[in-house]
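# A structural walkthrough
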Amino acid sequence: LMWFFYYCFLLIQVLNEKKLQEVDSLWKEFETPEKANKIVKLKHFEKFQDTTEALAASTALVEGKLSKNLKKILKKIVAKDAHEQLAVADAKLGGVIKDKLNLSCIHSPMVTELMRGIRSQIEGLITGLPSREMAAMCLGLAHSLSRYKLKFSPDKVDTMIIQAISLLDDLDKELNNYIMRCREWYGWHFPELGKIITDNLTYCRCVRKVGDRTNFASADVSDILPEEIEGEVKAAAEISMGTEVSEEDINNIIHLCDQVIEISEYRTQLYDYLKNRMMAIAPNLTIMVGELVGARLIAHAGSLLNLAKHPASTVQLLGAEKALFRALKTKRDTPKFGLIYHASLVGQTNTKNKGKISRMLAAKTALTIRYDALGEDTNAEMGAENRLKVETRLRRLEERGMRRISGTGKALAKTDKYQNKSEIKIFDPSGDSTLPAVSKKRKIQEVEEQDTEVAVKAKKFKAEMKEETTVEDAEPVKKKKKKKDKEKQAEEED
């Protein structure tokens, strides 16, 4: 059994292997130093020269690597006892030893229990070493190892981003509270100023420079306000309905304005620092979602490396955990986005396509995060290409296109940037009615014309009918006259 101690390497040999078969009761064999000496004994002792050597050996073991000193010791073991097996607590380290030295290694729950027992009785196995010195060496090596990890940790830069974005959010909250208090406080003296000046920083600068509202008539605030607004402020100051306040009150308000201005200036400086830090550490992530959203994602995950381990679906819902579990509990629709909702690409999308774009953006963002965390290059070409892919997809969704984006994206990367152009449509009220759009006057005229046409036709028809009847009546009268004439002629002849 190879054992790393605080200032040395220990090679411990197992004497009774039969008792190691019972893993559950193995702790009973290490209750006292006497029992422990019956199972294991010290075979080899290799002391470190100084703390630096001990630190190098411990860091190599933590990372699963084989140090030079350990390699020399194991070569001696291979030369003497090549048939023996070496018990190791780290399976990765056992694989490295087996590959390089061709020494069989075992790793099992039995080995874990055995090392736990040796750790509890290490003072009895190593004689001639006081417990105080062992505790001091243990503490010194622990401090050195922690200092080394903190100094060379690849995640230590992420802490700067996490602290900066947290401080930025805190500053925004404090600024809102301070500005609200300043407007409310000075509003008792000059309430009209809050309606005229909407910008908070300009409001505080104007109050700090002028103070009492009676000074606005003679004060020059052209460097703060435009001419039109300056005229409105001076006119409102003369007829203001605010109450009179003392100089002490004005001084306290001015001091509060100084605090607001200083915090605002520090916030802009902190934002520039965060922007530069994000472009240095995660340039591709910054291009995809912006520095603020990227920093919040890193802070929510704990580090850039932890964020790189998350799948795209988790990146999409980071920040919406409460809504997700509430939806799962109540069996409703799950949320479609979390912190990624504040990205510019999601914000410029219409409501119908926000879910699709957030899903695609999360997938591309997960790739860029892994590239930033695990890749060796520090350029931002991958982020730019992926952003163009998302913009192209967004344009096609807006145009209701059905074509798919190819995997290469190099040809699509040459396209222009997406600009959302909304078309303003005017409501047409003619579609509300099912009747033909004809004026009433025109309808009345048409009806009158139709009535006159019908009347004319009726008159013509009646006249024709009268003529026919008169003709028919006239024919039998003529026949009767002829008969009478013939009878008269016959009588005269007689």
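Residues numbered from 1 in each chain as written. Predicted model: local features only at pLDDT ≥ 70, side-chain atom pairs only at ≥ 80, totals over all residues. Heavy atoms only, no water.

## Some thoughts on the overall build of the protein
Rules: Only DSSP runs of H or I reaching four residues or more are called helices, and only runs of E reaching two or more are called strands; each is numbered from the N terminus. Relative accessibility under 20% of the residue-type maximum defines a buried residue, over 50% an exposed one, and the middle range a partly exposed one, all with a 1.4 Å probe and only protein chains included. In these tables, accessible area is a Shrake-Rupley quantity obtained with a 1.4 Å probe, and a residue counts as shielded only by the protein chains included in the view.
Looking only at helices and strands, one finds 21 helices and 5 strands in the protein. The buried share of the protein, taken over its 494 residues, is 33%. If you sum the accessible surface of the protein, you get close to 33,100 Å²; carbon and sulfur atoms cover 52% of it.

## Notes on helix α5 (residues 109-120)
Note the cut-off: Between the first and last residue of a helix there are one fewer steps than residues, each counted as 1.5 Å, and that sum is the expected span. The directions considered for the arc are those from the helix axis to the C-beta atoms.
Helix length check: α5 (12 residues) gives 17 Å between terminal C-alpha atoms against 16 Å at 1.5 Å per residue, within 8%. Along α5, the positions that sit buried rather than exposed are Met-110, Val-111, Leu-114, Met-115, Gly-117 and Ile-118. Looking down the long axis of α5, one finds its buried residues gathered within 160° of arc, a one-sided arrangement. Exposed residues pointing more than 90 degrees away from the buried face of α5 are listed as Pro-109 and Arg-119.

## Quick word on the pattern of salt bridges
Side chains bearing opposite charge may pair, as long as their charged atoms lie close to each other. For clarity, the threshold we go by: By convention in these notes, a salt bridge is any Lys or Arg side-chain nitrogen within 4 Å of a carboxyl oxygen on Asp or Glu.
Following the criterion strictly, the structure yields 9 salt bridges and no others. For Glu-230, the salt bridge goes to Lys-234, with nearest N and O atoms at 3.3 Å. With Glu-230 and Lys-234 both in helix α11 (residues 227-238) and 4 residues apart, this pair spans about one turn of that helix. Glu-230 sits in the buried class, given a relative accessible area of 10%. Note that Arg-387 and Glu-391 form a salt bridge whose closest N and O atoms lie 3.3 Å from each other. One end of the pair, Arg-387, and the other, Glu-391, are both in helix α20 (residues 381-398), 4 residues apart, so they sit about a helical turn from each other. By relative accessible area, Glu-391 is classed as buried at 7%.

## Overview of a negative patch on the surface
So the rule is basically this: Like charges are joined within 9 Å and nonpolar side chains (Val, Leu, Ile, Met, Phe, Trp, Tyr) within 5 Å, but only among residues with over 30% relative accessible area and no salt bridge; these make up the patches. The charged-residue count follows a simple rule in which Lys and Arg add positive charge and Asp and Glu add negative charge, with His and chain termini not counted at all. The location of each charge is read from NZ of Lys, CZ of Arg, CG of Asp or CD of Glu.
A contiguous patch of negative charge, built from Glu-376, Asp-377, Glu-381 and Glu-385, is present on the exposed surface. Mapping Glu-381 onto the fold places it in helix α20.

## Section: the packing of helix α12 (residues 247-281) against helix α14 (residues 291-301)
Just so we agree on the cut-off: Angles shown run from 0 to 180 degrees and are taken between the N-to-C directions of axes, each axis being a line fitted to C-alpha atoms and, for helices, limited to the stretch in contact. Throughout, the term roughly parallel applies to angles under 35 degrees, roughly antiparallel to angles over 145, roughly perpendicular to angles from 65 to 115, and oblique to all others. The contact criterion used throughout is that any non-hydrogen atoms of two residues lie within 4.5 Å. Residues are grouped as follows: Ala, Val, Leu, Ile, Met, Phe, Trp, Tyr, Cys and Pro are nonpolar; Asp, Glu, Lys and Arg are charged; every other residue, Gly included, is polar.
The geometry of α12 relative to α14 is characterised by a closest axis approach of 10 Å and an angle of 75° between their N-to-C directions. By the angle between their axes, α12 is roughly perpendicular relative to α14. In contact with Tyr-271, Leu-274, Lys-275 and Met-278 of α12, α14 contributes Glu-291, Leu-292, Gly-294, Ala-295 and Ile-298. By residue class, the composition of the contact of α12 with α14 is 6 nonpolar, 1 polar and 2 charged.

## What about the nonpolar core?
How we decide: What we call a nonpolar core is a set of buried Ala, Val, Leu, Ile, Met, Phe, Trp, Tyr and Cys residues that are connected through their side-chain atoms within 4.5 Å. Boundary definitions for the domains trace back to an automatic or database domain assignment.
With 64 residues, the main nonpolar core has Tyr-186, Leu-193, Phe-216 and Leu-307 as its most contacted residues. When residues in this core are grouped by element, the largest group, 12 residues, is from α12. When residues of this core are sorted by domain, at least three fall in each of domain 2 (157-272) and domain 3 (282-400). Non-local contacts of Tyr-186, meaning those with residues more than four positions away in its chain, are made with Leu-193, Tyr-203, Val-207, Gly-211, Asp-212, Arg-213, Phe-216, Ile-250 and Ile-253. Among the nonpolar cores identified, the runner-up in size contains 17 residues, and Ile-12, Ile-39, Ala-87 and Ile-118 belong to it.

## Points about the state of the cysteines
Formally: Sulfur atoms of two cysteines make up a disulfide when they are within 2.5 Å.
Going through the model one piece at a time under the given rule, you end up with 0 disulfides. As a non-bridged cysteine, Cys-204 has Cys-182 as the owner of its nearest cysteine sulfur, 4.2 Å distant. Accessibility expressed as a relative area gives 0% for Cys-204, which makes it buried. Summary of cysteine pairing: Cys-206 is not part of a disulfide, and the nearest cysteine sulfur, belonging to Cys-257, is at 9.6 Å.

## Side note on a positive patch on the surface
Together, Lys-68, Lys-72, Lys-76 and Lys-80 give the surface a local cluster of positive charge. You can see Lys-80 is positioned in helix α3 (residues 68-80). Using a relative accessible area of 70% as the deciding quantity, one classes Lys-80 as exposed.

## What to know about the packing of aromatic side chains
Formally: Each Phe, Tyr or Trp ring (for Trp, its six-membered ring) is paired with any other whose centre lies within 6.5 Å, and the angle between the two planes then decides the class: stacked below 30 degrees, edge-to-face above 60, tilted in between.
The full count for this structure, using the stated rule, is 3 aromatic pairs. Measuring from ring centre to ring centre gives 5.5 Å for Phe-190 and Phe-216, while their planes differ by 65°; the resulting arrangement is edge-to-face. Here Phe-190 is found in the loop between α8 (156-187) and α9 (192-196), whereas its partner Phe-216 is found in the loop between α10 (200-210) and α11, with 26 residues between them in sequence. Aromatic side chains Phe-337 and Tyr-341 sit 4.8 Å apart centroid to centroid with 40° between the ring planes, which places their arrangement in the tilted category. For Phe-337, a relative accessible area of 24% translates into the label partly exposed.

## Things to note about unusual backbone geometry
Phi angles above zero are rare outside glycine, and Lys-331 is one such case at about 60°. Locating Lys-331 in the fold gives a position in the loop between α17 (321-330) and α18 (344-347). Residue classification places Lys-331 among the exposed residues on the basis of a relative accessible area of 78%.

## Regarding the environment of Arg-208
Among the structural elements, Arg-208 can be located in helix α10. Arg-208 sits in the partly exposed class, given a relative accessible area of 39%. Separated by 48 residues in sequence, Arg-208 and Leu-256 place their C-alpha atoms 8.9 Å apart. Leave out the neighbours within four places in its chain, and Arg-208 touches Ile-254, Cys-257, Asp-258 and Ile-261.

## Here's the deal with the packing of helix α19 (residues 354-374) against α20
At a minimum axis distance of 10 Å, the contact between α19 and α20 shows a crossing angle of 170°. Here α19 is positioned roughly antiparallel relative to α20, judged by the angle of their axes. Across from Lys-356, Ile-357, Met-360, Leu-361, Lys-364, Leu-367, Thr-368 and Tyr-371 in α19, the residues of α20 making contact are Met-382, Gly-383, Asn-386, Lys-389, Val-390, Arg-393, Leu-394 and Leu-397.

## Quick word on the side chain of Lys-354
Put simply, the test is: The definition of a polar contact used here is a pair of N or O atoms within 3.5 Å, where within protein one atom must be able to donate a hydrogen and the other to accept one, and adjacent residues in sequence count solely through side-chain atom pairs.
Within the element layout of this structure, Lys-354 appears in helix α19. Despite its burial, Lys-354 pairs with no opposite charge, the nearest such side chain being Glu-398 at 8.8 Å. In terms of polar contacts, Lys-354 uses its side chain to reach the backbone carbonyl oxygen of Val-346, at 2.9 Å. Once residues within four sequence positions are removed from consideration, Lys-354 is found in contact with Phe-337, Tyr-341, Val-346, Gly-347 and Thr-349.

## Regarding the side chain of Gln-316
Note on placement: Gln-316 falls in helix α16 (residues 312-317). A distance of 2.5 Å separates the side chain of Gln-316 from the backbone oxygen of Lys-336, its partner in a polar contact. Not counting residues up to four positions away in its chain, the partners in contact with Gln-316 are Lys-336, Phe-337, Gly-338, Ile-340, Gly-355, Ser-358, Arg-359 and Ala-362.

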